Amino acid sequence: MSTRSLRRLSHEQFGYGPKMLERILRLQRFLALARARPGDGLAGMAADVGYADQSHLSREVRALAGIGAAQLCAQWRS
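The structure presented is a predicted model; accordingly, all values stated were derived computationally and were not measured.

Student: Is there a simple way to explain the pattern of salt bridges in this structure?
Tutor: When charged atoms on two side chains of opposite charge get close, those side chains can pair. The full count for this structure, using the stated rule, is five salt bridges. Here Glu22 and Lys19 are joined by a salt bridge, their closest N and O atoms 3.0 Å apart. Residue Glu22 and its partner Lys19 are both found in helix 2 (residues 18-36); the two are separated by three residues, about one turn of the helix. We note a salt bridge from Asp40 to Arg37, for which the minimum N-O separation is 2.4 Å. For Arg37, a relative accessible area of 30% translates into the label partly exposed. Each member of the salt-bridge network shares a partner with another, and the members are Arg23, Arg26 and Glu60.

Here it is as structure tokens:
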């Protein structure tokens, strides 16, 4: 499958491209881990799910969810 075909299929199925899908799925993995391991710090969980570092996690969360990573974790865990 060509890159263009993959992008077109992704837009048809999800409404956005494959890179955005990757970002959303990584955020979902982070949230699942945050719920499973409530005592862990953000930096360790960020590394475990594929973020480069905690600041990468923070930028992604703010871009996708509109709030900070710690705030999102607190809401998700409750």
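Now that the structure has been shown, the text picks up again.
Student: Got a minute to help me understand the confidence of the model for the protein chain in this structure?
Tutor: As a note on interpretation, predicted positions should not be read in detail where pLDDT is low. A residue-level look at the protein chain finds 100% of positions with pLDDT of 70 or above and a mean pLDDT of 92. Between the elements of the protein chain, mean pLDDT differs from a low of 88, seen in helix 5 (residues 69-77), to a high of 96, seen in helix 4 (residues 54-65).

Student: Please clarify how a nonpolar patch on the surface should be interpreted in this entry.
Tutor: On the surface, a cluster of nonpolar side chains totalling about 320 Å² of accessible area is made up of Met1, Leu6 and Leu9. Within the secondary structure, Leu6 sits in helix 1 (residues 3-14). Judged by its relative accessible area of 40%, Leu6 is partly exposed.

Student: What is the right way to look at the nonpolar core in this model?
Tutor: The nonpolar side chains of soluble globular proteins are, as a tendency, buried together. Ranked by internal contacts, the top residues of the largest apolar core, which has 16 residues, are Leu27, Phe30, Leu42, Tyr51 and Leu57. Looking at this core, the elements that each hand over two or more residues are helix 2, helix 3 (42-49), helix 4 and helix 5. With five residues, helix 2 is the single largest residue contributor to this core.

Criteria and cut-off values
Counting from 1, residues in each chain are numbered in the order their sequence is written. Restriction of local features to residues with pLDDT of at least 70 applies here, the model being predicted, together with a cutoff of 80 or more for giving and counting side-chain atom pairs; totals for whole chains, interfaces and linings are based on all residues. Excluded from the side-chain calculation are hydrogens and water; included are all heavy atoms of the structure. We define a salt bridge as a side-chain nitrogen of Lys or Arg found within 4 Å of a carboxyl oxygen belonging to Asp or Glu. Secondary structure elements follow DSSP: runs of H or I no shorter than four residues count as helices, runs of E no shorter than two count as strands, and numbering proceeds from the N terminus. Exposed residues in this analysis have more than 50% of their type's maximum accessible area, buried residues have under 20%, and partly exposed residues fall in between, with area computed by a 1.4 Å probe over protein chains only. One confidence number per residue, pLDDT, is output by the predictor and ranges from 0 to 100. A patch is a set of surface residues, each over 30% in relative accessible area and not in a salt bridge, joined within 9 Å for like charges and within 5 Å for the nonpolar side chains Val, Leu, Ile, Met, Phe, Trp and Tyr. Residue-level accessible areas treat just the shown protein chains as cover; the underlying method is Shrake-Rupley with a 1.4 Å probe. Nine residue types can take part in a nonpolar core, namely buried Ala, Val, Leu, Ile, Met, Phe, Trp, Tyr and Cys, and a core is a set of them joined through side-chain atoms within 4.5 Å.

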